[in-house]
Amino acid sequence: MKKILWLLFFIPFISSAQDSTRVNVNNPHATIYTHLYFLQEESYAPEKAAKTILGLPEETAVLKAIKIKKVLDGKGLFVDFNKIPTNPNFKDTIGYVAVYKYILFPERMPEISVEKIEGSWYYSTETVTKIDDLYKEVFPWYVEKLQSIVPASGHKSFLGIQLWQFIGLLLLLAVAILVFLIAKKIGYFVLQKIQYRITKTKNETINTVLKKLAHPISLLVVIEI
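Note that this is a predicted model, so its numbers are computed, not measured.

Notes on the side chain of Ser218
Right, on to step 1. Along the polypeptide, Ser218 turns up in helix α8 (residues 204–224).
Right, on to step 2. Beyond its immediate chain neighbours, meaning those up to four positions away, Ser218 contacts Phe180, Ala183 and Lys184.

Structural notes on helix α7 (residues 163–199)
Helical geometry note: an α-helix holds 3.6 residues per turn, so side chains three or four residues apart project in the same direction.
Right, on to step 1. Helix length check: α7 (37 residues) gives 53 Å between terminal C-alpha atoms against 54 Å at 1.5 Å per residue, within 8%.
Right, on to step 2. Those residues of α7 that sit buried are Trp164, Gly168, Phe180, Ala183, Gly187, Tyr188, Leu191 and Gln195.
Right, on to step 3. Positive phi shows up at Lys200, right after α7, with a value of about 60°.

Observations concerning a nonpolar patch on the surface
Right, on to step 1. A surface patch of nonpolar side chains, amounting to about 680 Å² of accessible area, comprises Leu178, Ile182, Ile186, Phe189, Val190, Ile194 and Ile198.
Right, on to step 2. Looking at the element boundaries, Phe189 is found in helix α7.
Right, on to step 3. Judged by relative accessible area, Phe189 falls into the partly exposed class, the value being 47%.

What about the sheet that holds strand β3 (residues 101–105)?
Right, on to step 1. Strand order in this open sheet of three strands is β3-β4-β5, and the pairing throughout is antiparallel. Edge positions in the sheet fall to β3 and β5 (120–123), since each of these pairs with one other strand and no more. Shown here is a sheet whose adjacent strand axes are inclined to one another by a mean of 30°, direction ignored.
Right, on to step 2. Direction of pairing for β3 relative to strand β4 (residues 109–117): antiparallel, over a ladder of four bridges. Bridge pairing links Ile103 to Ser113 in β4.

Considering unusual backbone geometry
Right, on to step 1. The residue Glu118 is not glycine, and still its phi comes out positive at about 55°.
Right, on to step 2. Along the chain, the position of Glu118 falls in the loop between β4 and β5.

Description of the pattern of salt bridges
Right, on to step 1. Overall, the coordinates contain five salt bridges when judged by the stated rule.
Right, on to step 2. Across the pair Lys67 and Asp132 runs a salt bridge, and its minimum N-O distance is 3.1 Å. With Lys67 in helix α4 (residues 58–74) and Asp132 in helix α5 (residues 125–138), the pair connects residues that are 65 residues apart, well separated along the chain.
Right, on to step 3. Across the pair Asp73 and Lys69 runs a salt bridge whose closest N-O atoms are separated by 2.7 Å. Linking Asp73 with Lys69, this pair stays in helix α4, spanning four residues, or about one helical turn.
Right, on to step 4. We classify Lys69 as buried; its relative accessible area is 16%.
Right, on to step 5. Residues joined in a network through salt bridges with shared partners are Lys64, Lys67 and Asp132.

Remarks on the pairing of β5
Right, on to step 1. Bridging between β4 and β5 involves four bridges; their strand directions are antiparallel. Counterpart to Glu115 in the pairing with β5 is Tyr122.
Right, on to step 2. Here β4 hands over to β5 after two residues, with Glu118 in that stretch at a positive phi of 55°.

Concerning the nonpolar core
Right, on to step 1. Within the largest apolar cluster, 26 residues are counted, with the highest numbers of intra-cluster contacts made by Ile32, Leu72, Val79, Leu104, Ile112 and Tyr123.
Right, on to step 2. Put simply, the parts of the chain that give this core at least two residues each are α2 (28–37), α4, β3, β4, β5 and α5.
Right, on to step 3. Per-element accounting of this core gives the leading share, six residues, to α4.
Right, on to step 4. Setting aside chain neighbours within four positions, we find Tyr123 in contact with Ile32, His35, Thr52, Ile53, Ile68, Ile112, Ser113, Val114 and Val128.

A short note on the packing of α4 against α5
Right, on to step 1. Packing of α4 against α5 brings their axes to within 9 Å, and their N-to-C directions diverge by 50°. Between α4 and α5, the angle falls in the class oblique. In the crossing of α4 with α5, the sense of the turn from one axis to the other is left-handed. Contacts between α4 and α5 involve Lys64, Lys67, Ile68, Lys70, Val71 and Gly74 on the former and, on the latter, Thr127, Val128, Ile131, Asp132, Leu134, Tyr135 and Val138.
Right, on to step 2. Tallied by class, the residues present in the contact of α4 with α5 amount to seven nonpolar, two polar and four charged.

Conventions used here
- Residues numbered from 1 in each chain as written.
- Predicted model: local features only at pLDDT ≥ 70, side-chain atom pairs only at ≥ 80, totals over all residues.
- Heavy atoms only, no water.
- Helix = DSSP H or I, 4+ residues; strand = E, 2+ residues; numbered from the N terminus.
- Contact = heavy atoms within 4.5 Å.
- Expected span 1.5 Å × (residues − 1).
- Buried < 20%, exposed > 50% of the residue type's maximum accessible area, 1.4 Å probe, protein only.
- Patch = residues over 30% accessible without salt bridge, like charges linked within 9 Å, V, L, I, M, F, W, Y side chains within 5 Å.
- Areas by Shrake-Rupley, 256 points an atom, 1.4 Å probe, with all protein chains shown as cover.
- Salt bridge = Lys/Arg side-chain N within 4 Å of Asp/Glu carboxyl O.
- Pairing = 2+ DSSP bridges.
- Axes fitted to C-alpha atoms, helices over the stretch in contact; angles between N-to-C directions.
- Core = buried A, V, L, I, M, F, W, Y, C linked by side-chain atoms within 4.5 Å.
- Parallel < 35°, antiparallel > 145°, perpendicular 65-115°, else oblique.
- Left-handed = near helix turned anticlockwise from the far one by under 90°.
- Nonpolar A, V, L, I, M, F, W, Y, C, P; charged D, E, K, R; others polar.

Here it is, written out as structure tokens:
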């Protein structure tokens, strides 16, 4: 009798654990949760996250699912699950038409949404189509190249940031300093030429002023890069 009571006591916990480890695309909340849950480090199963994308080969769907999460992370968009509807028949009014669709961030990222297809909820055709371009906007080609050449150990996280990102930041700082020094010399040289053409004179005081002027110009070049 005691064993039966203990079993009854643990059934809700067992069911809860199963719910968090299975693919669920019954409503907008379940689909988005499934996608993001299976791309977390402690529960990483990208083939399950890819089930939230319909109509693509598994390998392609996995890449798309990963890119969607990376775009959200890269844009600093935090998904508040308390605001995502759990109604399997949720409708959003777009224009004058109510459709089975939920947009995660209507203001900042309207291209990413889920929609009801054949009774289940998946990432919309628009999202799947546009995600490659969105990804390129957030992660330029050199960032993607850096990620691809970093070994598996480089993807370990510390304080929520992967090791390759720390390395990338250091490289970026090194390049910025180098560009700054080069731009300052070029800027000073150009300013000297312009000043001489106008005044036809050279002196130390003017050179000092030109060096000071070259400083903010080189900073603007670095910021632009």
